[in-house]
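A closer look at the structure
These are the residues of each chain, in order.
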Amino acid sequence: MKDPRLDNLARWAQENFGQEHTGHDLGHIRRVVSNTEKILRKETLTEAQEQIVLAAAWLHEALDDKFFPDTAAARASLTELLKASGYSADKQEAIEAIVQDVSFHKRQKKAYPLLTRIVQDADLLEAIGAIGIGRAFYFGGAHHEPLASTPLPQDPWRSQNPKTVYQHFFDKLFRIEELLSTAVGREIGEKRTRFMKEFLTEFKKEWEDGSFDPLG
Ligand code: ADP
């Protein structure tokens, strides 16, 4: 049965991310929730734990300082929202801990508990596959990043190569598969990574076909 408290969290997501255009719009949040549901179907959790994980999925951007630079105020608003939505103090703390870890996992190297890893995987899956490709080019356009360089890097796995959308696949997107830690996350991650590799092989071919010096 659907947890009615989630409606309030969905409203929060709509209000805060309904007009977002950097790749973290409401569609992104909905897909992270849907990925979380898929992962949950194969994990053995209690109903209370599932409620915590789903709430954290809806709120997973709530402590990201890209969107909420005043971290103390963001934390206070999150606590307020969870209390007003009817979560007990225990659940509120557990949800906040997951949201915190999902926001800062790139800066912290530690072993995360399963409930956190479920939302992390759901979020990581959003960066790969067809939507991940779309988001990378969307981000590249918004940040004036070239599609690719001419010639393409000889060794694309070197991180010192020029920053391009093509390079982002090697710097980040092809490395996500090994970060996924849940069974469903790994299964979906493998398919999406295969698809991105096919896409990039075709991209490379088309790019190189057009890479000649017009004045040479
Ligand atoms: P998050 O913290 O949610 O991963 P980011 O802002 O790092 O958010 O990335 C948002 C989206 O933009 C992701 O899909 C990511 O792959 C893409 N992205 C991030 N940096 C780059 C880049 N330099 N070039 C192309 N795409 C990028």
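Residue numbering note: each chain is counted from 1, following its sequence as written. Only residues with pLDDT of at least 70 are given local features in this predicted model, and only at 80 or more are side-chain atom pairs given and counted; all residues enter the totals for whole chains, interfaces and linings. With hydrogens and water excluded, all non-hydrogen atoms of the structure serve as input to the side-chain values.

A few words on the pattern of salt bridges. Any Lys or Arg side-chain nitrogen found within 4 Å of a carboxyl oxygen on Asp or Glu counts as a salt bridge. Counted according to the given criterion, the structure contains eight salt bridges. Among the salt bridges present, the one from Asp64 reaches Lys66, with a minimum N-O distance of 3.2 Å. Residue burial is assigned from relative accessible area. The probe radius is 1.4 Å, only protein chains are included, and a residue is buried under 20% of its type maximum, exposed over 50%, and partly exposed in between. By relative accessible area, Asp64 is classed as buried at 10%. With a relative accessible area of 51%, Lys66 lands in the exposed category. Between Glu96 and Arg75 there is a salt bridge whose closest N-O contact spans 2.8 Å. Taken together, the residues Glu96 in helix 5 (residues 89-104) and Arg75 in helix 4 (residues 71-84) connect sequence positions 21 residues apart. Overall, the relative accessible area of 3% leaves Glu96 in the buried class. The class for Arg75 is partly exposed, based on a relative accessible area of 34%. The secondary structure listing takes helices from DSSP runs of H or I that are at least 4 residues long and strands from runs of E that are at least 2 residues long, numbered from the N terminus.

Moving on to the environment of Ala62. Mapped onto the secondary structure, Ala62 falls in the loop between helix 3 (47-58) and helix 4. In the structure, Ala62 is positioned 137 residues away from Phe199 in sequence and 33 Å away in space, judged by C-alpha atoms.

Inspection of the secondary structure puts Asn35 in helix 2 (residues 26-41). Given a relative accessible area of 4%, Asn35 falls into the buried group. Contacts between residues were defined by any pair of non-hydrogen atoms, one from each residue, lying within 4.5 Å. For Asn35, the residues in contact, after removing those within four places along its chain, are Ala122, Leu125, Glu126 and Arg192.

Another aspect to go through is the nonpolar core. Side chains that are nonpolar tend, in soluble globular proteins, to be buried together. Here the nonpolar core consists of buried residues drawn from Ala, Val, Leu, Ile, Met, Phe, Trp, Tyr and Cys, with membership extended through side-chain atoms lying within 4.5 Å. By size, the foremost hydrophobic cluster in this structure holds 58 residues, and its most contacted members are Leu9, Leu59, Ile95 and Phe169. Here this core gets seven residues from one element, more than from any other, and that element is helix 3. Setting aside chain neighbours within four positions, we find Phe169 in contact with Ile133, Phe137, Phe174, Met196, Phe199 and Leu200.

Next up on the list: the confidence of the model for the protein chain. Looking at the protein chain, the pLDDT average stands at 94 and 97% of residues meet or exceed 70. Summary of the metric used: pLDDT quantifies the predictor's per-residue confidence within the range 0 to 100. Confidence, expressed as mean pLDDT per element, reaches its minimum in the protein chain at helix 5 with 95 and its maximum at helix 3 with 98.

This next bit is on helix 6 (residues 114-125). For helix 6, spanning twelve residues, the distance from its first C-alpha to its last is 16 Å, which sits close to the expected 16 Å at 1.5 Å a residue. Here helix 6 lies mainly inside the structure; ten of its twelve residues are buried. Within helix 6 the residues assigned to the buried category are Leu115, Thr116, Ile118, Val119, Gln120, Asp121, Ala122, Asp123, Leu124 and Leu125. Given the number of residues in a helix, its expected span is that number minus one, multiplied by 1.5 Å.

For Lys204, the location among the structural elements is in helix 9 (residues 183-209). What makes Lys204 partly exposed here is its relative accessible area of 34%. Sequence separation of Lys204 and Ala13 is 191 residues, and the distance between their C-alpha atoms is 38 Å. With sequence-adjacent residues up to four places away left out, Lys204 is seen in contact with Leu152 and Tyr166.

Time to look at the side chain of Thr36. Position of Thr36 among the secondary structure elements: in helix 2. The residues touching Thr36, leaving out its near neighbours within four places in the chain, are Val53, Leu54, Ala57, Ile118 and Ala122.

The subject of this paragraph is the packing of aromatic side chains. Pairing of aromatic rings covers Phe, Tyr and Trp, the last through its six-membered ring, and needs centres within 6.5 Å; plane angles under 30 degrees mean stacked, over 60 mean edge-to-face, and all others mean tilted. Evaluation of the coordinates by the stated rule reveals 16 aromatic pairs. Measuring from centroid to centroid gives 5.4 Å for Tyr166 and Phe170, while their planes differ by 50°, and the two rings are tilted. Here Tyr166 pairs with Phe170, and both are found in helix 8 (residues 165-171), just four residues apart, close to one helical turn. Assigned by exposure class, Tyr166 and Phe170 land together as buried. Here the aromatic residues Phe137, Trp157, Tyr166, Phe169, Phe170, Phe174, Phe199, Phe203 and Trp207 are joined through ring pairs into a cluster of three or more. A ring has a charge above it when a Lys NZ or an Arg CZ is no more than 6 Å from the ring centre and no more than 35 degrees off the ring normal. When the ring centre of Phe174 is taken as reference, the NZ or CZ atom of Lys197 above it lies at 5.4 Å.

Turning our eyes to something else, we now look at the packing of helix 1 (residues 5-17) against helix 3. Simply put, an axis is a line fit to the C-alpha atoms, just over the touching stretch for a helix, and the angle between two N-to-C directions goes from 0 to 180 degrees. Their axes nearest at 9 Å, the elements helix 1 and helix 3 cross at an angle of 15°. In terms of axis orientation, helix 1 runs roughly parallel to helix 3. Remark: the crossing between helix 1 and helix 3 carries right-handed chirality. On helix 3, the residues touching Arg5, Leu6, Leu9, Ala10, Trp12 and Ala13 of helix 1 are Gln51, Leu54, Ala55 and Trp58. Polarity classes work like this: nonpolar for Ala, Val, Leu, Ile, Met, Phe, Trp, Tyr, Cys and Pro, charged for Asp, Glu, Lys and Arg, and polar for all others, with Gly in that last group. Of the residues in the contact of helix 1 with helix 3, the class split is eight nonpolar, one polar and one charged. Every angle not falling under 35 degrees, over 145, or within 65 to 115 is termed oblique; those three ranges are roughly parallel, roughly antiparallel and roughly perpendicular. Each crossing gets its handedness from the near helix: less than a right angle anticlockwise from the far helix is left-handed, clockwise is right-handed.

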